[in-house]
Amino acid sequence: MFDIGVNLTSSQFAKDHAEVVQRAYQAGVSGMLLTGTSLHESQQALAMAQQYEGCWSTAGVHPHDASQWQDATAEAIYQLAGAPEVVAIGECGLDFNRNFSTPAEQERAFTAQLALAADLVMPVFLHCREAHERFITLLDPWLDKLPGVVLHCFTGTQDEARECLARGLFIGITGWVCDERRGLELRELLPVIPAQQLLLETDAPYSLPRDLKPKPASRRNEPCYLPHILNQVALWRGKDPAWLAQVTDDNARRLFRLA
């Protein structure tokens, strides 16, 4: 099992990230991608990926932080991407749900990071929330220049999923699918995703699966809960969990070009 979305730089893991990594591997997680969401956190994610075996990282600026994007940011991300542990540009994209940065700032930073990934011939790790139409419009011109694309933490509609899949995107599924209230639509579209385009993630420390039993004392999600997400997705897809674990692990290693 490969967890493609771990926010190990989060302050929620500040005191015990070594133990978090250890628990993940004891639970059967075979690899983790540590998410960079700003220049500072991309630097931190790289340092952690260098510290822990079986970890890699992304380098990029999340749409929430897009107002911080400058030429100097682009140069710094470019330099980070030269490290062998950095295997994707991102997390980048659009988030019109909260607009912590203006739509114009988000679009500027998103396009700049797509251009950077194309120049470096690197995959991109993308975010889209309530911005699908504009997201696709900005992404389309770059698709033939990028070696791979994953839309992580997918929470869109079935039509949106089909549009992404038709373009060859991988889809990242989190514990959101385990929410008996908000995750039902996502659960219903699981069969739409071809196995070869499916990736699994916890998005830890966020998106704790609501159906975990026993419920953790803390609401903090951890990569050690990835097996639970895998088992639930396998159940709803009608597949063997061991088979799905191998397929999604292979997908991650193919997308991020890992040995």
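Look above for the structure.
If you're wondering where the values come from, they're calculated on a predicted model, not measured in any experiment.

What counts, and where the lines are drawn
- Residues numbered from 1 in each chain as written.
- Predicted model: local features only at pLDDT ≥ 70, side-chain atom pairs only at ≥ 80, totals over all residues.
- Heavy atoms only, no water.
- Helix = DSSP H or I, 4+ residues; strand = E, 2+ residues; numbered from the N terminus.
- Rg over C-alpha atoms; globule rule 2.2 N^0.38 Å.
- Buried < 20%, exposed > 50% of the residue type's maximum accessible area, 1.4 Å probe, protein only.
- Areas by Shrake-Rupley, 256 points an atom, 1.4 Å probe, with all protein chains shown as cover.
- Lys, Arg positive; Asp, Glu negative; His and termini not counted.
- Charge placed at Lys NZ, Arg CZ, Asp CG, Glu CD.
- Pairing = 2+ DSSP bridges.
- Right-handed = clockwise from strand over helix to strand, strands pointing away.
- Axes fitted to C-alpha atoms, helices over the stretch in contact; angles between N-to-C directions.
- Left-handed = near helix turned anticlockwise from the far one by under 90°.
- Contact = heavy atoms within 4.5 Å.
- Nonpolar A, V, L, I, M, F, W, Y, C, P; charged D, E, K, R; others polar.
- Polar contact = N/O pair within 3.5 Å; in protein donor to acceptor, adjacent residues only side chain to side chain.

**Some words on the overall build of the protein chain**
Secondary structure summary: the protein chain contains nine helices and eight strands in total. For 259 residues, the compact-globule formula gives about 18 Å, and the C-alpha radius of gyration of the protein chain, at 17 Å, lands near that figure. Dimensions of the protein chain, computed from C-alpha atoms along their principal axes, come out at roughly 45 × 40 × 35 Å. The proportion of buried residues among the 259 residues of the protein chain is 57%. Entry remark: accessible area of the protein chain is about 11100 Å², with carbon and sulfur atoms responsible for 50%. Across the protein chain, the mean location of the 22 positive side-chain charges is 6 Å away from that of the 32 negative side-chain charges.

**Examining the pairing of strand β4 (residues 86-95)**
When you tally the buried positions in β4, you get 10 out of 10 residues, the bulk of the element. As paired strands, strand β3 (residues 55-59) and β4 are joined by three bridges and run parallel to one another. Within β4, the position partnered with Ala 59 by the bridge is Ile 89. What joins β4 to strand β5 (residues 124-129) is helix α4 (residues 103-120), and the crossover it makes is right-handed.

**Some thoughts on the packing of helix α3 (residues 71-80) against α4**
At their nearest, the axes of α3 and α4 sit 11 Å apart, and the two run at 35° to each other. Relative to α4, the crossing made by α3 is right-handed. Together, Ala 74, Ile 77 and Tyr 78 of α3 and Leu 116, Asp 119 and Leu 120 of α4 make up the contact between the two elements. Its residues placed into classes, the contact of α3 with α4 shows five nonpolar, no polar and one charged.

**Some remarks on the side chain of His 127**
Here His 127 is to be found in strand β5. You can call His 127 buried: its relative accessible area is 8%. A distance of 2.7 Å separates polar atoms of two side chains, one belonging to His 127 and the other to Asp 95. When residues no more than four places from it in sequence are discounted, the contact partners of His 127 are His 62, Pro 63, Glu 91, Cys 92, Gly 93, Leu 94, Asp 95, Phe 135, Leu 151 and His 152.

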